[in-house]
Structure formats: C-alpha cells, structure tokens
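# Summary of the model geometry
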Amino acid sequence: RCHRCPHLPTRPYAKSEKPCMLSEYMEQYPIHPTTLPRDSFKPKEKYKIPQVPMKGISTTKRDYISHEVLPQKLKPPQKYVKSDDSMDLTSTYKQDYNSYPVSQVPPCVPCVIRHIPRDKMDTTTTYNDDYVLWNEPKTEMIRPDDRFRPSEEKFDHTTVAQDDYLYRGPVATQNCKPQNLMQKNKAPFENTTNHRVNYVPHPLEKPYVHKYEKYKASEVPFDGLTTHKVSYKGLDGQPAKLARPHQPKILHDLPFSSTTEFQEKYQAWPQPPIFSKKRDVYLPPLEKMDLHTTTQMDYKYPNGKPAKLCRSLLHLKKSIEPFNSSSVMKEDYKPWLCKRLKPIIHAPELTFPAQPMDCLTTFQSHYVHHPLSVTKSYKPRWSGPKHNTLLDDKTIYATSYTPKAIVRCLASYKDPPGYVFEGNDADGHNLYLPASKSECLQDDH
C-alpha cells in the first residue's frame, strides 16, 4: 500500500509546483544505478566471395546413388487367441508414485528492473543528413513553338464517321433460336416411383395384449419396514459447516477523521468589515432652469430670406439623332448562319414476333406442385436421471485456508498507535519513531 504525500513542499527557498513523490515503497526500495551492457569484442566475420566457380554436384548426388526399389513383402498377421487370464489393472505409476500433500511454491523469478532512457530520440535519417539540395537555378523547358493557328476555311461540321461509314439501310436477320418441339401434355404428371411400386404397405397384425390378473389383497398385516430402515440405522452426526470463510469484525469502530494537517495548521484569518461610504441625499434645486442658449439670445435675423444656390445650371442639349451602338467587334466578328443538325436515327433492324411471349420455364410447365405429407416422429422421449442428493460444498479452500484479520493501515490514523511524534521534515512531512526506540534513546541520554 503506497501512500503518497498530496501537498507541495514547504521549503523557504526552493519553490516548485511539482508534488512530492515520497512514499513508503520509494523509501524501502531505492533505485540502484543501472549500467549499460558492454559491447561484444567478437570480431566481425565478413563473407568472402570465392573466385573458383561453383560446381553443380552436391555430396548427396555424389555419395547417395539411386538403387532399384523392390516392393516390400508383408508378413501375414497372426490369429488372435483369447486368453482366460484376467487383466491386471495396476501400473508402475500407481505402485511407485504415491500421493503427497501439495503446497504452493513461491515464485523464484527475480525482479527485473528495466532502464528506460529519458533522452529524446533523434528522428533525422542519414538520407536527410547526407543528401542536401543544391542551390541551382531552375532549368527552362525546351519546347518548340507550336502555337495553334486556325485555318481560314469554313468548318463543314461533319465527322470522320459520317464521311466514311455511310448508312446502307436495314438488314434482315434470321432468328437462330431453336423451335420448341416439345408438345404440352394435357395429362397430369405421373408421380409414381420405384419405391411406391415395389414396396407396398402390408396390413399390420394386431398386437398381443397381456391379460393382467386381478389383484388379491394379502391376509398378512403390513409391518411398514423397508430395507433402508432395517439396514441403515441413524447415527448421531455433526451438523454441516458453512463453506463461506469467517469474516471477523474490525477491531476499532472509530470513524475516519476527515481533517488534514493543512486544515489544522493553515486556518482562515478573520477579515475586518468592508468600509462603505453613505451616499448623500439628493435635493432638487428650487430655481427653474433657463432653456435659452446664446445663439437664440444674440443672433437674431428679423428680415431674413432663404439663401440662393451659387452653382450654374448646365443646360444639356438633347440630340435628335439615334445612338450609334456599332463597334469594331460587331463589324469584324459577325455570327455565322449555322443550322442545328438533327441526329441520324437508324431504323430498327430487328423484327419482333406478333405473338406474345409466354413467360413459363420448363420447371414451371413440367413439375407440378403436390401437397406435402406430414410424417410423425417415433423417437422415444428421454427420461433423464433425477438425483435428490445434496451437493457436497466442502472444498480444500474452505477447510485448509483460514481467513486472516484485516489490518488497518497506520497512515489513516491521526496519531498512529505505538509511535511517538519526533518533528517535521523540510518538505512538511511528520516524522514518527517507534515507542521502543524512543525509550532506548531516552535511557542512553
């Protein structure tokens, strides 16, 4: 159980926002210095290509020569003779290896501490380091001056297919589909088979009924005893024990204290009341407000007239001639008189039959649907075994492994029992000593 310190260090000079990682596990198991494995001093063996040409003959071809293989002669198996002796079912394992009580073995695997390097990985490749771009000017493309120059002749709007491939009229084709020579038979489909013709159901004979004799009550009185009551007599036995492990109650019933060291030491200071100034009461003035301005009082125009415009009005002469909307573009580039060509639609070359098509297949015309025959299942019902015996719930875990008491962690106590408070650390941790050590130190003094 690793308990870490949740608050920041309280040193006077060193201030850091990282939390303290001191714990019980870090104190007991410190980190040991790790050393990297040394490199191998084994010389590198480079492959040397021999200059002598390689032969195509191997040791298998040279030493092992193929011989003639004859068929293997098999011996006839011996006849089985049944013996009258009984089989001994004992084995050497049952005689020599006896059972012993099994105990759990602790793991022997050592704890491997892996060293994880904190240095950043250099992700640059040798290609990016060695092959650097040269500062050369961009080469211009060597391209011939093939600028498009339209021809002066008029465009006739015809394609190569229209000029070369002329339409020569429809072609009469013959239907290559074979005629259906099968004549429809009006008679119903015969559903007789070899099984129905040869295997005729025979009449069943009447089953033999056993005649039960009439019950005659015996004159001897019934004693009411069974073989179980006579043979197996009840003995006084111990009641069955529970298989659930016993859970003892916690020794202490004290509630967990929700106060911390920070709440106890650093308490809120009493704040003085905030000073607030009272506002003055508004008193309206007794005199009336004069709404006249200096412009209204001093500047007065008794004989004023509206000002006239000083801008001269330009009289535009309206021309009687119409506006000439012609331009160089309209005079030089005139639209051509082109007519829209109609698409060339050829006449249909296929001749469709006058009779309508019957959408029937050979399966639909020959194989007629018949009603299904429902068969009964003569499989006997399964009568499963019914056991009324109770399950033995005694296990090795319930009998061998006794439960252990739950020990409360010492870090949850405000003052742990059996320890004496010594002082505070520079990081703000409370240091405690066992009571036995503190008594020894006092005796020495």
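Each remark here, short or long, concerns the structure printed above.
These numbers were taken from a predicted model, which means no experiment stands behind them.

## Some details on the overall build of the chain
- Scanning the chain from N- to C-terminus turns up 13 helices and two strands.
- Within the chain, the proportion of its 445 residues that are buried is 2%.
- For the chain, contacts bridging at least 24 residues in sequence account for 49% of all contacts bridging at least 6.
- Counting every atom, the chain has about 54200 Å² of accessible surface; 58% of that belongs to carbon and sulfur.

## Description of the packing of aromatic side chains
- Tallied over the full model, the rule gives four aromatic pairs.
- Judged by centre distance (5.5 Å) and plane angle (65°), the ring pair of Phe421 and Tyr432 falls under edge-to-face. Highlighted residues: Phe421 in strand β1 (residues 419–424) and Tyr432 in strand β2 (residues 430–434), separated in sequence by eleven residues.
- On the basis of relative accessible area, Phe421 is assigned to the partly exposed category, the value being 45%.

## Points about the pairing of β2
- Of the pairings in the sheet, the one linking β1 to β2 comprises five bridges and is antiparallel in character. Note that in β2 the partner of Val420 across the bridge is Leu433.
- Here β1 folds back onto β2, and the loop between the two strands holds five residues, one of which, Gly428, carries a positive phi near 90°.

## Topic: a nonpolar patch on the surface
- On the surface, Tyr25, Met26, Tyr29 and Ile31 cluster together into a nonpolar patch covering about 510 Å² of accessible area.
- Within the secondary structure layout, Ile31 lies in the loop between α1 (24–28) and α2 (59–63).
- Residue Ile31 is classed as exposed on the basis of its relative accessible area, which comes to 71%.

## Quick look at the pattern of salt bridges
- One pass over the structure, following the stated rule, counts two salt bridges.
- The shortest N-O distance in the salt bridge between Glu261 and Lys265 comes to 3.3 Å. Note that Glu261 and Lys265 are positioned in helix α8 (residues 261–265) at a spacing of four residues, about one turn of the helix.
- Its relative accessible area of 27% is what places Glu261 among the partly exposed residues.

Conventions we followed
- Residues numbered from 1 in each chain as written.
- Predicted model: local features only at pLDDT ≥ 70, side-chain atom pairs only at ≥ 80, totals over all residues.
- Heavy atoms only, no water.
- Helix = DSSP H or I, 4+ residues; strand = E, 2+ residues; numbered from the N terminus.
- Buried < 20%, exposed > 50% of the residue type's maximum accessible area, 1.4 Å probe, protein only.
- Contact = heavy atoms within 4.5 Å.
- Areas by Shrake-Rupley, 256 points an atom, 1.4 Å probe, with all protein chains shown as cover.
- Phe/Tyr/Trp six-rings, centres within 6.5 Å; stacked < 30°, edge-to-face > 60°.
- Pairing = 2+ DSSP bridges.
- Patch = residues over 30% accessible without salt bridge, like charges linked within 9 Å, V, L, I, M, F, W, Y side chains within 5 Å.
- Salt bridge = Lys/Arg side-chain N within 4 Å of Asp/Glu carboxyl O.

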